[in-house]
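# Results of the structural survey
Spelled out, the chains give:
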Amino acid sequence: MKIIRLMCTGRIDLGFIVRAFLNGTDGVFIGGCRPGECHYLTEGNYLALGIVLLSKKLLGHIGVNPERLRLEWVSAAEGTRFAEVVNDFTKKLKELGPLGKGEGLDEKGLKFNLEALQALVPYMKLVERERLRVPFKSESEYHQFFNSEEFDRLFHELILDKLAMSRIMALLRQGPVSIGEISRITGLSPSNVSRILYLLARQGLGRFDERQNLVAAAYEEGAAPEDGERIRGVRSDALDNERVDRILAEHQGKPSSLIHVLMEIQSELHWLPKELLDRISRKLDVPLSRVMQIASFYKTFRLTPKGRHEVHVCTGASCQVRGASHLLDTVHDLLGIATEETDGDSKFTLMKGNCLGCCTLGPEIIIDGKHHPRVTPDRVEAVLKSCE
Amino acid sequence: MPKINSPVELEDFRKTILSRKDPHKPCVAICAGAACQAIGNDELIRAFEEEIKKRSLEHQVDLRATGCHGFCEKGPHVVLYPEEIAYLEVRPKDVPEIVSQTVLGKKVIDRLVYTDPGTGERAVHLSEIPFYRKQKRLLLGDNTRIDPKRIEDYLALGGYSALAKALFEMTPQQVLEEIKKADLRGRGGGGFPAGLKWETTRNAPGDEKYVIVNAHEGEPGAYMDRAIFTGNPHLVLEGLILGAYAIGAHQGFIYTRHDSLRLRDHIDRALEQAREYGFLGEHILGSDFTFHVEVHLDVGIFVSGESSALMRSIEGKNPEPRPKYIRTSVSGVWNRPSNLNNVETWANVPQIIRKGSDWYSGIGTERSKGTKMISLSGHIVNTGVVEVPFGTTLREIVYDIGGGIPHGKKLKALHFGGAMGGSIPESLIDTPLDFDALSRAGAPLGAGALLVMDEDTNMVEAVRFFLEFLTNESCGKCVPCREGIRQLLKILARIRDGKGKKTDIALLEEIAEVMGAASLCALGKTACDPLKSSLRYFREEYEAKLQP
């Protein structure tokens, strides 16, 4: 057992707890002054309470038993109580077994998750400070908040989603993977993975190879971006397209043709690799931020490659009135993906919206440009199966 | 083909074309409109081509892939000239029979003609079909007679005679006056008098002025602009050139969707041929008037159909609207006076010049003149594009032309204007088609997309999906629109799921009021119109879903 002395439990950083577990500790014990008895009136022990409650949720999420982290109100003056409490904790840890093995976790998987957590600590500290600080000054109110629906929602939206991203990024840095593999390793559904990859693409963090169906991290530690391609063998076919080069040459140095260039390239390639956006920025003399602004705002432009088949459910007003929402739900149930997402095998990408003016055929599903008129929910499966 | 350098040469050329045409020569006109194309009429066209070739009839029979015939419900649609026999729901396997029986044998194939679902009566000729009988197809009527890729077809029907008349017999001011007298109102949704807009642009300071065709047609459920522009591009083009002449503009822009390849192809060809023959470019028809046209494509965003956003897009920037403290007719593209009108508005112009404003104002109602194209969709038997004079009652449109509601259901509501329009209940079905009458009822005509909703439609859900559409299309620049729609969606989802609070309806109305007053553009201002009209007429549906 290693003892670390602090001036106040409020000094405890989320990162300390994560680092302790990364170092292989089986348990972390925090002893602080009793709430309400702070001589200095800053009452940092409440902050510690908040951090500990948050950490327990995080640990629980990655499969570590939250009881490995314990907070007790025992001051430095209470020697006997300290001994009692620590003995009790040690006994508990013996019951729980060694970190990871006691929960039946794979050692490498646990390390991977803890590292992802560690990478996210700066962001989580910000979230905690801005959104999870409670103005209450009683323990029971703290506990109530951290068990509330509101906290759950914030936790999911602000932290878990980013944690999933962090885990996926860690995976991408190790080597090229497919959507299906990411889903298997992280336990996230292909729908979720697809959604997150799209978010990563918007920030330029991923490199996609549509031919091999692989994704890799855009930046390698210590390597130049171009070398990364060579090291990993992940490169988009789209970058070698002659027509794209011609389009760029035509509009070289003309910032005002940005949207039209993007339109042409989008209709040629059906998506816009980040490396290409870099090239466009240089050739057209437009700042990359502006290129990204346009590429990410308009739904016409896709920043990730599509699956082999694009399934488009028309949700224009006329088709809606004829039951397009049911169709969309049915497709969603059958393929397991939501709109703008691609499934694990990169076979189908689901899109919605965009009335094409063929209202007489509604409700319709358009697959790879082929119209399937007047589809009823029971026929959806057959229509989808007809694509190889 | 040498350029045509005077009205006389034009008339001579026209006579030459007509003399080359044999009015008795059989012609097969196959609809190649969007919906027919989607159900595979390219195959049908190929089947006809093959059959004609097989029988070596290339010189005896003309084959024409035309624009939309309008009767989308019964497509693929084939019309056989000169008898004007209309065959519906034609399949490639019917082709050999059609060629031998009807084209050559002059016999009608009963199973392919229109059969009235009620009476069983057959209608052989196009004009006998009830769907067409009640319409007044001044704009769309020529679609079956024209191959959009051949300017000669348009010329054969009198095309560009209005232009010749205007350039050589009228001053620009006189052309403008005719349009004003005809009281042509914008067909894109605003209903603003076109003549006044033209006049503002004409009188605005500056030598360089522009005219623009808004062919964006982003409203879901609206497809009539595509029908006329794909089927008869020269009609729109002639209108545009006339407008440019009246306003004093020498540069025109056509702004259209990127995803309709056939439309783009037809526009490009039409422009190319017009330039070749001298209807565009320097010294049009030998006059002093010069006019050039450029085509611009949209980027798939609904808001880029809004006039100021569209102009931003032409300039190569993001299509973001601006508040109209200064009208775009005074300061538009590159801050120069720009007159923007809808496809259908431009298409109306040639006939007004050719036949005069007195004739035109004889059609329609007191303040809504001429005809209007309506695209019928939703729960209606005959989906398609129809054209009726203003003043026609909605009852006639829905029942006599539209064929009523399928599956014997009752009509619940009629919705105009798509996501930014309104619904009126069945009780108002005798309202005449008129800009002002419909506005007063709470369902402004908009672009003319009529969505029919039957008794099973959930009005709360309908409003919700209109708002969902708009929330994706909002440019996000102003708070009332961006945040307002988002909050409305949350509240409506709550109501739809039966968890509505008692105060929710008042809250919806309050948000709607703020959005209407404070949004920068029409999208935000009118986003709440479906909500407002449904609260006006279908309030019980909302109240039923509130928690006690």
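Computed from a predicted model, the values in this text were never measured in an experiment.

About the thresholds
Residues numbered from 1 in each chain as written. Chains lettered and ligands numbered in written order. Predicted model: local features only at pLDDT ≥ 70, side-chain atom pairs only at ≥ 80, totals over all residues. Heavy atoms only, no water. Helix = DSSP H or I, 4+ residues; strand = E, 2+ residues; numbered from the N terminus. Rg over C-alpha atoms; globule rule 2.2 N^0.38 Å. Buried < 20%, exposed > 50% of the residue type's maximum accessible area, 1.4 Å probe, protein only. Contact = heavy atoms within 4.5 Å. Areas by Shrake-Rupley, 256 points an atom, 1.4 Å probe, with all protein chains shown as cover. Lys, Arg positive; Asp, Glu negative; His and termini not counted. Charge placed at Lys NZ, Arg CZ, Asp CG, Glu CD. Core = buried A, V, L, I, M, F, W, Y, C linked by side-chain atoms within 4.5 Å. pLDDT = per-residue confidence, 0-100. 1 Å grid on protein atoms, 1.4 Å probe; cavity = no way out; pocket = protein on both sides within 12 Å on 5 of 7 lines; lining within 4 Å. Points joined across faces, edges and corners; volume = space filled by probe spheres on them. Nonpolar A, V, L, I, M, F, W, Y, C, P; charged D, E, K, R; others polar. Pairing = 2+ DSSP bridges. Axes fitted to C-alpha atoms, helices over the stretch in contact; angles between N-to-C directions. Salt bridge = Lys/Arg side-chain N within 4 Å of Asp/Glu carboxyl O. Arc of directions from axis to C-beta. Parallel < 35°, antiparallel > 145°, perpendicular 65-115°, else oblique.

All right, on to the overall build of chain B then. The helix and strand inventory of chain B stands at 23 helices and 15 strands. A compact globule built from 548 residues would reach a C-alpha radius of gyration of about 24 Å, and chain B, at 24 Å, matches this within 12%. Dimensions of chain B, computed from C-alpha atoms along their principal axes, come out at roughly 75 × 60 × 40 Å. Split into buried and exposed, the 548 residues of chain B put 62% on the buried side. Within chain B, residue pairs in contact and separated by at least 24 positions form 71% of the contacts whose partners lie at least 6 positions apart. Entry remark: accessible area of chain B is about 20,500 Å², with carbon and sulfur atoms responsible for 50%. Of note, chain B has its 70 positive side-chain charges centred 2 Å away from the centre of its 74 negative side-chain charges.

With 126 residues, the main nonpolar core has Leu172, Leu197 and Ile265 of chain A together with Leu433 and Tyr542 of chain B as its most contacted residues. With 9 residues, the single largest contributor to this core is helix H18 (residues 459-473) of chain B. Excluding residues that lie within four positions of it along the chain, Tyr542 of chain B makes contacts with Val460, Val463, Leu492, Ile495, Ile505, Leu508, Leu531, Ser534 and Leu535 of chain B. Judged by nonpolar contacts, the second largest core, of 77 residues, contains Cys358 of chain A together with Tyr154, Ala182 and Ile247 of chain B.

Turning our attention to the confidence of the model for chain B. Per-residue confidence for chain B gives a mean pLDDT of 90, with 100% of residues at or over 70. Here the predicted complex carries an ipTM of 0.81, next to a pTM of 0.84.

Once that is clear, we can look at the layout of surface pockets. All names here are of chain A. Taken as a whole, the second largest pocket spans an internal volume of roughly 1,700 Å³. Together, 44 residues line the second largest pocket, and Ile4, Arg5, Phe29, Ile30 and Gly31 are the ones closest to its centre. Where the lining of the second largest pocket is concerned, the elements lending two or more residues are helix H1 (14-22), strand S1 (28-32), helix H2 (44-61) and helix H3 (79-96). The element that contributes the greatest number of residues to the lining of the second largest pocket is H3, accounting for 6 residues. For the lining of the second largest pocket, the residue count by class is 24 nonpolar, 12 polar and 8 charged.

All names here are of chain B. Read across the sheet, 5 strands follow the order S12-S11-S15-S13-S14 without closing on themselves; strand pairing throughout is mixed. Edge positions in the sheet fall to strand S12 (384-389) and strand S14 (422-425), since each of these pairs with one other strand and no more. Along the sheet, successive strands turn relative to each other by an average axial angle of 30°, direction set aside. Seen against the sheet, helix H10 (residues 224-231) touches strand S11 (371-378), S12 and strand S15 (449-454) and runs at an angle of roughly 120° to S11.

All names here are of chain A. Counting buried residues in strand S5 (residues 309-313) gives 4 out of 5 residues, a clear majority hidden from the surface. Sheet analysis places S5 next to strand S6 (residues 348-352), joined by 5 bridges and oriented parallel. Within S6, the residue paired with Val311 across the bridge is Leu350. Bridge analysis of S5 against strand S7 (residues 365-367) gives 3 bridges, and the strand direction is antiparallel. The residue of S7 that forms the bridge with Val311 is Ile367.

Moving on to the pattern of salt bridges. Across all of its chains, the model carries 58 salt bridges over all chains by this definition. Measuring nitrogen to oxygen at the nearest pair gives 3.3 Å for the salt bridge that ties Asp62 of chain B to Lys25 of chain B. Of the two residues, Asp62 of chain B is situated in strand S2 (residues 62-66) and Lys25 of chain B in the loop between helix H1 (7-20) and strand S1 (27-31); the sequence distance between them amounts to 37 residues. The class for Asp62 of chain B is partly exposed, based on a relative accessible area of 33%. Here Glu208 of chain B makes a salt bridge to Arg336 of chain B, at a shortest N to O gap of 3.5 Å. Residue Glu208 of chain B is located in the loop between helix H9 (194-203) and strand S7 (210-215), and its partner Arg336 of chain B is located in the loop between helix H13 (307-314) and strand S10 (338-342); the two are separated by 128 residues in the primary sequence. Put simply, Lys352 of chain A together with Glu461, Arg464, Glu468, Arg496 and Asp497 of chain B are held in one network by salt bridges that share partners.

This brings us to helix H4 (residues 95-104) of chain B. Owing to its 3.6 residues per turn, the α-helix aligns residues three or four sequence positions apart on the same side. All names here are of chain B. Among all positions in H4, only Val95, Ile98, Val99, Thr102 and Val103 are buried. Along the axis of H4, the buried residues cluster in a sector spanning 115°; they form a single face. On its buried side, H4 packs onto S1, helix H3 (41-54), strand S3 (78-81) and strand S4 (85-87). Directly after H4, the chain includes Lys106, whose backbone phi takes a positive value near 55°.

The next thing to look at is the packing of H9 of chain B against helix H11 (residues 233-247) of chain B. Residue and element names in this part refer to chain B. Where H9 meets H11, the closest approach of the two axes is 9 Å, and the angle between their N-to-C directions is 50°. By the angle class used here, H9 and H11 are oblique. Taken together, the residues of H11 that come into contact with H9 (itself represented by Trp198, Thr201 and Arg202) are Gly243, Ala246 and Ile247. Grouping the amino acids of the contact of H9 with H11 by side-chain chemistry returns 3 nonpolar, 2 polar and 1 charged.

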